[in-house]
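Single-letter residue listing:
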Amino acid sequence: MNRSLKRSLAAASALLIAATGMTVAAGSAFADEDVKPRKSACAAEPNNYACLRVSDRREVAGEAVTFRGSLSKEAQRNLASWTRGENTICLTRYEESPRKNGSWPRQTLDQACTTLNPNGTFGMTVFLGVQGLHFYGVEMGPCRADEDECGNSDPGLIGVGGNKKDRVVAVRTVAP
């Protein structure tokens, strides 16, 4: 074997070991360092299933913040089925970091719901009264479908996991 090929194989082996180690580490705990707070985020799988954007990444608690987004055709069909055509979506707020088991505590903000526009876009202006850094997503509104669909499906559209480039929509609210 020539020297160049040996170096290439050694480098490839090192990369494979490093990648495997990183995969195991990432799989063992979904830490808050794994997400990248941004003004916008889109679901990765299926590609651009749902996207969300916020007007401000930092705002005084109690001041208005505008969220805008869009849903893919597939997400629109799922929403229409889930809500029986009401097409309501609601904002969700996630804590700054996951629990020890890797799950992210979240709260549906029932006062921050809107209907989807016919072109698959939405917008809502909300007053965020809770101080601190929080991540945001959107989920389907109240389930109006049959019991099987409502009980065995996830209403989430976009949240903290499975987003392109590990981005998550973040807003830090501060005291006045």
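Residues numbered from 1 in each chain as written. Predicted model: local features only at pLDDT ≥ 70, side-chain atom pairs only at ≥ 80, totals over all residues. Heavy atoms only, no water.

**Q** Would you mind showing me how to read the overall build of the protein here?
**A** Along the backbone of the protein there are three helices and 11 strands. Listed N to C, the secondary structure of the protein is α-β-β-β-β-β-α-β-β-β-β-α-β-β in terms of helices and strands. Buried positions account for 35% of the 176 residues belonging to the protein. Pairs at least 24 residues apart make up 71% of the contacts formed inside the protein by residues separated by at least 6 positions. For the protein, the accessible surface area stands at approximately 10,200 Å², while carbon and sulfur atoms represent 50% of it. (Helix = DSSP H or I, 4+ residues; strand = E, 2+ residues; numbered from the N terminus. Buried < 20%, exposed > 50% of the residue type's maximum accessible area, 1.4 Å probe, protein only. Contact = heavy atoms within 4.5 Å. Areas by Shrake-Rupley, 256 points an atom, 1.4 Å probe, with all protein chains shown as cover.)

**Q** Would you take a moment to explain the pattern of salt bridges for this structure?
**A** If charged atoms from side chains of opposite charge come close, those side chains can pair. Under the counting rule described, the total for this entry stands at two salt bridges. Between Glu139 and Arg106 there is a salt bridge, and its shortest N-O distance comes to 3.4 Å. Taken together, the positions of Glu139 in strand E9 (residues 132–140) and Arg106 in strand E7 (residues 106–115) put the pair 33 residues apart, joining distant regions of the chain. (Salt bridge = Lys/Arg side-chain N within 4 Å of Asp/Glu carboxyl O.)

**Q** What is the right way to look at unusual backbone geometry in this model?
**A** The phi torsion of most residues other than glycine is negative, and most of the peptide bonds are trans. Following Glu45, the chain continues to Pro46 via a peptide bond in cis, the omega torsion being -15°. Structurally, the position occupied by Pro46 is in the loop between strand E2 (40–42) and strand E3 (50–54). Look at Asn48: it is not a glycine, yet its phi comes out positive at around 55°. Here Asn48 lies in the loop between E2 and E3.

**Q** Just checking my understanding: could you explain the sheet that holds strand E5 (residues 64–71) for this structure?
**A** Hydrogen bonds between backbone groups are what pair the strands of a sheet, and the pairing can be parallel or antiparallel. Here four strands make up an open sheet; going across it, the order is E2-E3-E5-E8 and the pairing antiparallel. Looking along the sheet, the strands with just one partner apiece sit at the ends: E2 and strand E8 (121–127). Adjacent strand axes in the sheet meet at a mean angle of 15° when their direction is disregarded. Where E2 meets E3, three bridges bridge the pair, whose relative direction is antiparallel. When the sheet's bridge partners are listed, Ala41 is paired in E3 with Leu52. (Pairing = 2+ DSSP bridges. Axes fitted to C-alpha atoms, helices over the stretch in contact; angles between N-to-C directions.)

**Q** What exactly am I supposed to notice about the state of the cysteines here?
**A** What is meant by a disulfide is a covalent connection between two cysteines, made through their sulfur atoms. The tally for this structure, following the rule as stated, stands at three disulfides. The partner cysteine of Cys90 in its disulfide is Cys113, sulfur to sulfur 1.9 Å. Given an S-S torsion of about 105°, the disulfide between Cys90 and Cys113 has right-handed geometry. You can see Cys90 sitting in strand E6 (residues 88–94) and its partner Cys113 sitting in strand E7, a full 23 residues away along the chain. Judged by relative accessible area, Cys90 falls into the buried class, the value being 3%. Given a relative accessible area of 31%, Cys113 falls into the partly exposed group. Between the sulfur atoms of Cys143 and its disulfide mate Cys150 the distance is 1.8 Å. Its S-S torsion of approximately -85° makes the covalent link between Cys143 and Cys150 left-handed. For Cys143, a relative accessible area of 24% translates into the label partly exposed. Taking the relative accessible area as the measure of exposure, Cys150 reaches 24% and is therefore partly exposed. Take the cysteines of the protein that form disulfides and number them in order along the sequence; they join up as 1-2, 3-4, 5-6. (Disulfide = S-S within 2.5 Å.)

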